[in-house]
Amino acid sequence: MMKLVMVTVLLGLGCVAFGQKELLTTAELTDYQKTSTYAEVMDFLTALENSSPYARLETLARTTEGRDVPLLIVANPMPESYQSLENDPRIVVYIQGNIHAGEVEGKEATQMLARDLLKNPDSDILKNVVVLINPILNPDGNEKFSTKNRTNQNGPSSVGVRYNGQHLDLNRDAMKLETPEIRGVVTQVLNKWDPEILVDCHTTNGSYHEEPTTFVWQMNPNGNRSLINFMRDQMMPEVHRTLWDKYNVENIFYGEFIDRMDYSKGWISYAAEPRYLVNYVGLRNRLAILNENYVYAGFKTRVNANYHLLLSILEYASENKESIRNLLADADKAAVERGANPALADSFAVRYKGYPTPEKITIKAIEADTVPGVKGYWRYKASDRKVTITVPYIADYHATESTAFPFAYLMEIRNDGVLESLKLHGIKVEQLAEAQKLTVERFKISGLKPANRLNQGHYTNSITGQFVTEEKEFPQGTYVIRTAQPLGGLAAYLLEPRADDGLLFWNFFDRYLTPQWGRGYYPYPVFRLMEPSDLNLN
């Protein structure tokens with residue numbers, strides 16, 4: 001559903017009168033009674049590409065049901081490819097919607113944003129930013145429209161489903177990369193375009209409040225702390241103020257009440273694992289923003305809030321591109337230096353918990369009542385009582401248990417799944433050119449237990465044990481993953497045996513861990529080289 005109409009619109013970019021026909025989204029055309037189908041999104045993006053030299057439509061991935069996942073590049077001038085940005089002074093921002101296809105305001109807001117950016121190609125934003133837009137990361141889920149999906153959501157009446165065509169949650173796949181959609185984001189966007197900022201648009205299911213949009217930054221403690229603190233103390237507070245003061249959109253940092261009946265316990269952003277795409281991007285030394293729009297606000301209100309949040313982020317990126325680029329370059333440099341000479345103070349968090357941020361958070365809360373006879377998540381309902389409260393914000397994650405950070409990981413086995421995963425993530429893997437004797441740490445397993453419940457098709461592993469130092473001769477061809485690379489922290493997360501989101505956790509190494517008969521365990525087949533060593537590598 002797409003039409004061309006005569007309109008005059010008020011944009012975040014200024015009041016611009018158009019004496020020409022303009023594209024409208026399905027949401028706009030239906031007064032926000034409907035959301036776009038996949039075909040309507042593709043028609044809209046194709047129309048933008050055909051109407052402007054500053055838009056180019058590419059394909060990010062193909063779904064299991066055969067749909068192309070679009071990537072729209074909006075830029076002035078338009079780069080020939082990602083390679084041509086090597087010496088380009090602009091910053092790259094990647095925005096995606098519809099990762100969960102029932103959560104639809106990002107899908108509509110990103111289409112509107114692309115259209116409105118192209119109306120003013122000489123804007124400061126397009127002078128300083130190359131904007132990558134993917135309105136519909138989950139086309140297969142989008143097309144499963146039903147009025148029975150997300151019935152708690154305040155419009156539109158019919159939306160898609162959370163999972164993709166494989167029945168997997170795309171926002172749990174950043175580490176294991178089992179879906180074509182997230183593989184596409186990693187290989188076609190993050191590895192190639194290397195955006196300084198990623199924004200991922202969602203809809204909440206949680207606590208009751210008045211603010212129509214919320215957002216938060218990357219939180220995993222194995223990410224660069226200076227980037228986390230920059231987001232917490234500088235960029236996100238400034239975006240918050242711009243959105244509220246300039247665009248009159250009430251907003252707060254994302255979270256839920258720890259106890260809906262006792263606000264004093266605080267407001268928590270609880271998902272710090274890198275299976276979530278925003279935290280994953282933090283491990284790559286880049287900035288990432290999770291946007292969660294308030295499910296109980298009207299659809300039009302949510303889309304408007306989402307749109308102006310994205311605009312506020314782009315404005316900040318445009319105005320602060322040099323400081324952002326310098327900050328990220330420093331983070332990459334620090335990652336390489338850390339791996340080249342791991343210090344005792346350098347450690348990898350295997351367990352962590354959330355602590356209050358330096359600043360408390362003020363929330364325009366709607367008090368909850370309990371529903372008699374109902375247990376679990378849905379035992380609450382919103383009342384008509386409103387109260388503004390200031391409480392601790394639990395969003396600073398720090399290690400409670402750590403392990404030493406190595407110079408390199410060595411793997412004798414040839415496991416195509418593991419090697420492919422490392423390659424897809426963009427991690428550099430080398431091989432010994434000749435046999436070499438090295439002093440390494442071997443992880444001796446004392447306990448291995450699968451989860452009681454399937455998680456994304458996996459009985460994920462819980463492992464216990466200890467590292468044992470030994471001298472070992474590694475044969476020619478042994479795979480070596482040095483941590484002295486920009487993605488060294490990500491490599492450690494994937495290969496550390498006790499990591500809460502690593503490849504062992506997701507069953508990539510299962511066949512190597514136990515004998516077919518008898519008790520006991522084999523050694524974990526990835527060894528840690530702790531001291532800087534002269535390795536003869538291919």
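Here, every reference points to the structure presented above.
Small disclaimer: the values here were computed from a predicted structure and weren't measured.

Trainee: Hey, could you run me through the overall build of the protein in this one?
Mentor: Secondary structure summary: the protein contains 12 helices and 22 strands in total. Relative to its length of 538 residues, the protein is compact, with a C-alpha radius of gyration of 24 Å against a globular reference of 24 Å. With the principal axes as the frame, the protein shows a C-alpha extent of 75 × 60 × 45 Å. Residues counted as buried form 58% of the 538 residues belonging to the protein. Of the contacts made within the protein by residues no fewer than 6 positions apart, 78% connect residues no fewer than 24 positions apart.

Trainee: So what exactly am I meant to see when it comes to empty space enclosed by the protein here?
Mentor: A water-sized probe, rolled over the atoms, reveals where empty space remains. Taken as a whole, this structure holds 1 cavity of 30 Å³ or more when the rule is applied. There is about 30 Å³ of room inside the largest cavity. Together, Leu190, Asp194, Pro195, Val281, Arg284 and Arg286 line the largest cavity. Of the residues assigned to the lining of the largest cavity, the class counts are 3 nonpolar, no polar and 3 charged.

Trainee: Looking at this structure, I do not really get the pattern of salt bridges. What am I missing?
Mentor: A side chain with one charge can pair with a side chain of the opposite charge if their charged atoms come near. Under the definition given, this model contains 40 salt bridges. Between Asp173 and Lys176 there is a salt bridge whose closest N-O contact spans 3.0 Å.

Trainee: How should the packing of helix α7 (residues 225-245) against helix α10 (residues 321-340) be read in this particular structure?
Mentor: Between two packed helices, both the angle of their axes relative to each other and the distance between the axes serve to describe the pair. Where α7 contacts α10, the axes come no closer than 9 Å and their chain directions differ by 155 degrees. Comparing the axis directions of α7 and α10 gives the class roughly antiparallel. Across the interface between the two elements, Ser226, Leu227 and Phe230 of α7 pack against Ile324, Leu327, Leu328 and Ala331 of α10.

Trainee: Teacher, can you tell me more about the sheet that holds strand β16 (residues 393-404) here?
Mentor: The strands making up a sheet are joined through hydrogen bonds of the backbone, oriented either antiparallel or parallel. Strands sit in the order β10-β11-β16-β13 across an open sheet of 4 strands; the sheet is mixed. Edge strands, defined here as strands with exactly one partner in the open sheet, are β10 (256-257) and β13 (347-356). Alignment of strand β11 (residues 267-268) against β16, held across 2 bridges, turns out to be parallel. Pairing of Ile268 across the sheet is with Ile394, part of β16.

Trainee: What exactly am I supposed to notice about the layout of surface pockets here?
Mentor: The calculated volume of the largest pocket comes to roughly 480 Å³. Lining the largest pocket are 25 residues, and of these Arg162, Arg172, Tyr254, Tyr270 and Glu292 sit closest to its centre. If one sorts the elements of the lining of the largest pocket by residue count, helix α8 (residues 277-283) sits on top with 3 residues. Across the lining of the largest pocket, the residue classes break down as 11 nonpolar, 9 polar and 5 charged. Approximately 400 Å³ is the volume attributed to the second largest pocket. Lining the second largest pocket we find 23 residues, and of these Pro221, Asn222, Gly223, Asn224 and Arg338 sit closest to its centre. When contributions to the lining of the second largest pocket are tallied by element, the ones reaching two or more residues are α10, β13, β16 and α12 (488-495).

Trainee: What's the story with the packing of aromatic side chains in this structure? I'm lost.
Mentor: Evaluated as defined, the whole model comprises 16 aromatic pairs. Taking the centre distance of 6.1 Å and the plane angle of 25 degrees together, the rings of Phe253 and Tyr393 count as stacked. Of this pair, Phe253 sits in strand β9 (residues 251-253) while Tyr393 sits in strand β16; the two residues are 140 residues apart in sequence, bridging distant segments of the chain. For the pair Phe253 and Tyr393, one class covers both residues: buried.

The rules we used
- Residues numbered from 1 in each chain as written.
- Predicted model: local features only at pLDDT ≥ 70, side-chain atom pairs only at ≥ 80, totals over all residues.
- Heavy atoms only, no water.
- Helix = DSSP H or I, 4+ residues; strand = E, 2+ residues; numbered from the N terminus.
- Rg over C-alpha atoms; globule rule 2.2 N^0.38 Å.
- Buried < 20%, exposed > 50% of the residue type's maximum accessible area, 1.4 Å probe, protein only.
- Contact = heavy atoms within 4.5 Å.
- 1 Å grid on protein atoms, 1.4 Å probe; cavity = no way out; pocket = protein on both sides within 12 Å on 5 of 7 lines; lining within 4 Å.
- Points joined across faces, edges and corners; volume = space filled by probe spheres on them.
- Nonpolar A, V, L, I, M, F, W, Y, C, P; charged D, E, K, R; others polar.
- Salt bridge = Lys/Arg side-chain N within 4 Å of Asp/Glu carboxyl O.
- Axes fitted to C-alpha atoms, helices over the stretch in contact; angles between N-to-C directions.
- Parallel < 35°, antiparallel > 145°, perpendicular 65-115°, else oblique.
- Pairing = 2+ DSSP bridges.
- Phe/Tyr/Trp six-rings, centres within 6.5 Å; stacked < 30°, edge-to-face > 60°.

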